[in-house]
Every structure is written in structure tokens, then in C-alpha cells.
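The lines below spell out each chain.
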Amino acid sequence: MNTAFLRDLAAPLLDAHPAAHTLALNFGQVLVRVHTNSSALREKLAIYFRDFLAAPGLCGESGQADIAITAIESASPDLGLIYTPKQPESGKAWIKEEYIDLADGRIVRKRLTNMIFLFGGGFNLAVGPCLANENQVVNFINNRFIEWKLNRGCLLFHAAGVSVGDTGLAIAGFAGMGKSTLALHVMRLGTDFVSNDRVMARREADRLAMYGLAKMPRINPGTIVHNESLRTVVTPREREEFLSMDADALWCLERKYDAFIDECFGPGRYRLKARLAGLALLNWRRGGGPLSVREVDLAQRPDLHPAFMKQVGLFYEADGPALEPGFTSESYLDLLRGCPVLELSGGVDFEAAAKYLRDFLDASAART
């Protein structure tokens, strides 16, 4: 571990780039303040997080925030440190990040963009070409929220989330099976949106609660052209191009677009908390025959655990060793005790699956 300290390394950067602009956000009663030296970055973030702007006075200029973050627009600084490469996940070939652990936190550097992130002990700083990499700043803000929730007893799920009123459903699945696509198909049937790719869950008194992220779905062309509600995400010319493609080529095309929930489904359709009434697991495949849905016992199906368990990654710092949650199969099974788990297998059928899950939500809501 390096003996340098985050705040000592950050002090010259903060002195050289005063963060005079502030954005106040409300993530389900978790108050977040973002400070930046760039008015343009402040405005871009305000547009992105427009569903989550804090009400006047709730987190004002003198208000106390739960999470404080500073984002400095500048050239990427050379901190004079030697980083350790973060080895890629299984199935991926190239190294995207490198890091160094300090006495009071961690620094992560993105190799491709040269963005640098310093965090630890409540101190959070993003520095580098932020305007050109707005999505990484958005991710950093959301990662700070994830850390805040995990340090208060939540477990992290690799899942999307939707809800009918306060009754929510998490949708997980193995890589490439379309959990976000399915969530957006369910949205067409009149639900609210909770989260795109990460869900945090914990027990609260006699109920299981799930929390989402203020992160717009990043979707591929195949998702867009097969969901009428997403028509505005691409231009008419792009839509024609995608519709003319072979189905297999379209399925494999990796070109991501942000789908803003208010633009696609109307205002007021994003909530960040709901009762977790069920977990749907996608284990289907193209050409697999008719869709099959059945309730499963996760204790008897360890093969399904990787579909929803999510390791915290480089951007998590526990409050202390004694408080670090145990991200084990046993922890997830204990948390999900009594929660219905549905396995969707057979062939890929988004329309039929969406209707089944909407009916499940309605039935779950009626029982409360």
C-alpha cells in the first residue's frame, strides 16, 4: 500500500481548479452534491439527472449532503504514481482500468480516457477530460451511491428493476440475455422504471426493499427497433438502417444509446425504491422453443447464482473491515428467503415474458 494520502494529492488540483458550480441531487432521500469547476459539465449533468434534481432547500448551498463529489474538468494530471492493472473479467481480453491503494483510499485510472478517480473516507474526486467522458462521471456518481447503500446493509445485484406502484421486480440474467431489453418491454405495459443494470436490496423490518440507480438504460439497436416506445432514441435514418439488417447481425451489433425514461415513456415513471416482490432470471436462448416460466428454489440451483450476484469492483470501499458485507451465495440466499424466484427458459420471447411478468406484478401488488 502506498503511504500517500488522497487529500494531499488532490489539494493542488482543487486549488488550481476551484469548483464554484454545484448540482444538488436527490436519490430517494439520499442527498448528493456535485461540485465542479465547469459550468458546462454542471449543465450536462443537470440534464442527465433531471428526474433527480433536489427540491430547493432540500440540499441547498448550505445544506448538508449524504454524499459529496467533486468533478474537475482539466487535462489528465500525472500524480507520479505507479498503478496496478485491473485484470479483465473472464471472457474479456483488454485491460481498461488500473488502480493504486493509498493509506486513506484508492485511485482508479481509466486507460482509454485518462480519467482519474480518487475516493475514500467520504472524499470523492473525478479529474480529467470530464466533458468528453460525461458517462464516466455519471458512473462515478452512481458508484458513490452504490457504496453508500452497500455500507448500510445492501447486497448488489446484476439486475434491472421495474415496479407497479410500490411493488417491484428485479430482472437478472446471464450475459447477453437481455435483462434491460425485457425491462423496457415490461415498461410498455405501464410499469415504472427502477434500475437498468444494478439493483441493491436489503431487509427492512418485515419487507425486502430494492433500490435502483439514476442511470439511464444504455441499449443496443436490436432493443430499440423492436420496442415502439424507444423510437425516439435513434434518428429515422438509423432506424431504417437497423431494420434492414439481418436478424443475427442486428442481435450482435454493439452500438449503445442512452434511452431517457421520460422521453420514451413519459414523465414521472422513474422511481428508485420499491418492495422487492420477486426476482426473474433469464436463462433462455434463441431458437430454444416455447418460453417456459417456473418458480425455482435457489438453494437447489447454484448454477443460477452467477446470473444475479454482482461483485462490487474497484469503486467500492467498505466503511471498515468489520462492516464489509459478505458477498457470498449464502448471503444472497439468506436475503432472498421467501422471495419468489422465476426462471425464464426455453426460447427468447420478450413480448410473452413481459406480459407474464406484468401479470406477476399485478398479482403481487394485489396481495399487499
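Residues numbered from 1 in each chain as written. Predicted model: local features only at pLDDT ≥ 70, side-chain atom pairs only at ≥ 80, totals over all residues. Heavy atoms only, no water.

**Observations regarding helix α2 (residues 39-48)**
An α-helical turn contains 3.6 residues, so a residue and the one three or four places further along point in the same direction.
Phase 1: The complete set of buried residues in α2 reads Leu41, Leu45, Ala46 and Tyr48. Each buried residue of α2 sits inside an arc of 160 degrees when the element is viewed along its axis, so together they form one side.
Phase 2: Turning to α2, the residues buried within the fold contact β1 (21-26), β2 (31-36), β3 (67-73), α3 (134-150) and β16 (257-258). (Buried < 20%, exposed > 50% of the residue type's maximum accessible area, 1.4 Å probe, protein only. Helix = DSSP H or I, 4+ residues; strand = E, 2+ residues; numbered from the N terminus. Arc of directions from axis to C-beta. Contact = heavy atoms within 4.5 Å.)

**A look at the pairing of strand β13 (residues 199-204)**
Phase 1: By the bridge criterion, three bridges tie strand β9 (residues 155-157) to β13 in an arrangement that is antiparallel. Directly across from Phe157, in β13, lies its bridge partner Val199.
Phase 2: Alignment of β13 against strand β14 (residues 207-211), held across five bridges, turns out to be antiparallel. Within β14, the residue paired with Ala201 across the bridge is Met210. (Pairing = 2+ DSSP bridges.)

**Thoughts on the pairing of strand β8 (residues 123-128)**
Phase 1: Burial within β8 is extensive, with six of its six residues counted as buried.
Phase 2: What you see with β8 is no split at all: Phe123, Leu125 and Val127 on one side and Asn124, Ala126 and Gly128 on the other are buried throughout.
Phase 3: Bridge analysis of β3 against β8 gives four bridges, and the strand direction is parallel. When the sheet's bridge partners are listed, Thr70 is paired in β8 with Leu125.
Phase 4: Note that strand β7 (residues 116-120) and β8 share five bridges and pair antiparallel. Bridge pairing in β8 places Gly120 opposite Phe123.
Phase 5: In sequence, β7 turns back onto β8 through a hairpin of two residues, with Gly121 there showing a positive phi of about 60 degrees.

**Some details on the pattern of salt bridges**
Phase 1: Across all of its chains, the model carries 29 salt bridges by this definition.
Phase 2: One salt bridge in this structure joins Glu263 and Arg50, with 3.2 Å as the shortest N-O distance. In this pair, Glu263 is assigned in helix α8 (residues 261-265) and Arg50 in the loop between α2 and β3, connecting sequence segments 213 residues apart.
Phase 3: Across the pair Asp362 and Arg358 runs a salt bridge, and its minimum N-O distance is 3.0 Å. Here Arg358 and Asp362 lie together in helix α10 (residues 350-366), a separation of four residues that amounts to about one turn.
Phase 4: Take Arg358: its relative accessible area is 17%, and that puts it in the buried class. (Salt bridge = Lys/Arg side-chain N within 4 Å of Asp/Glu carboxyl O.)

**Digging into the packing of aromatic side chains**
Phase 1: Using the criterion set out here, one finds 18 aromatic pairs in the structure.
Phase 2: On the numbers, 5.9 Å between centres and 90 degrees between planes, the contact of Phe27 with Phe52 is edge-to-face. With a gap of 25 residues between them, Phe27 in the loop between β1 and β2 and Phe52 in the loop between α2 and β3 connect regions that are remote in the sequence.
Phase 3: Using a relative accessible area of 4% as the deciding quantity, one classes Phe52 as buried.
Phase 4: Cluster of aromatic residues (ring-pair linked, three or more members): Phe27, Tyr48, Phe49, Phe52, Phe145, Phe193, Phe260 and Tyr270.
Phase 5: Across from the ring centre of Tyr211, 3.5 Å away, lies the NZ or CZ of Lys149, which sits over that ring.
Phase 6: Seen from the ring of Trp148, Arg152 lies directly overhead, with NZ or CZ sitting 3.8 Å from the centre. (Phe/Tyr/Trp six-rings, centres within 6.5 Å; stacked < 30°, edge-to-face > 60°. Lys NZ or Arg CZ within 6 Å of the ring centre and 35° of its normal.)

**Quick word on the state of the cysteines**
Phase 1: Under the defined criterion, the tally for this structure stands at zero disulfides.
Phase 2: Cys154 takes part in no disulfide bond, and the closest cysteine sulfur, belonging to Cys339, lies 14 Å away. (Disulfide = S-S within 2.5 Å.)

**Quick look at the domain arrangement of the protein**
Phase 1: The domain architecture assigned to the protein consists of domain 1 (6-151) and domain 2 (155-217 + 259-367).
Phase 2: Counting from both sides, the interface comprises 34 residues of domain 1 and, opposite them, 26 residues of domain 2.
Phase 3: Here domain 1 meets domain 2 over a buried area of about 2500 Å², counting both sides, of which 60% is carbon and sulfur.
Phase 4: Seen at the junction of domain 1 and domain 2, the total is two salt bridges.
Phase 5: Our count for the contact surface shared by domain 1 and domain 2 stands at twelve residue pairs in polar contact (both at pLDDT 80 or more).
Phase 6: Those elements that provide at least two residues to the side of domain 1 that touches domain 2 are α2, β5 (97-102), β6 (105-110), β7 and α3.
Phase 7: Counting residues per element, the side of domain 1 that touches domain 2 draws most heavily on α3, which supplies twelve residues.
Phase 8: Residues belonging to the side of domain 1 that touches domain 2 are distributed by class as follows: 14 nonpolar, nine polar and eleven charged. (Domains from an automatic or database assignment. Buried area = accessible area lost by both parts, 1.4 Å probe. Polar contact = N/O pair within 3.5 Å; in protein donor to acceptor, adjacent residues only side chain to side chain. Nonpolar A, V, L, I, M, F, W, Y, C, P; charged D, E, K, R; others polar.)

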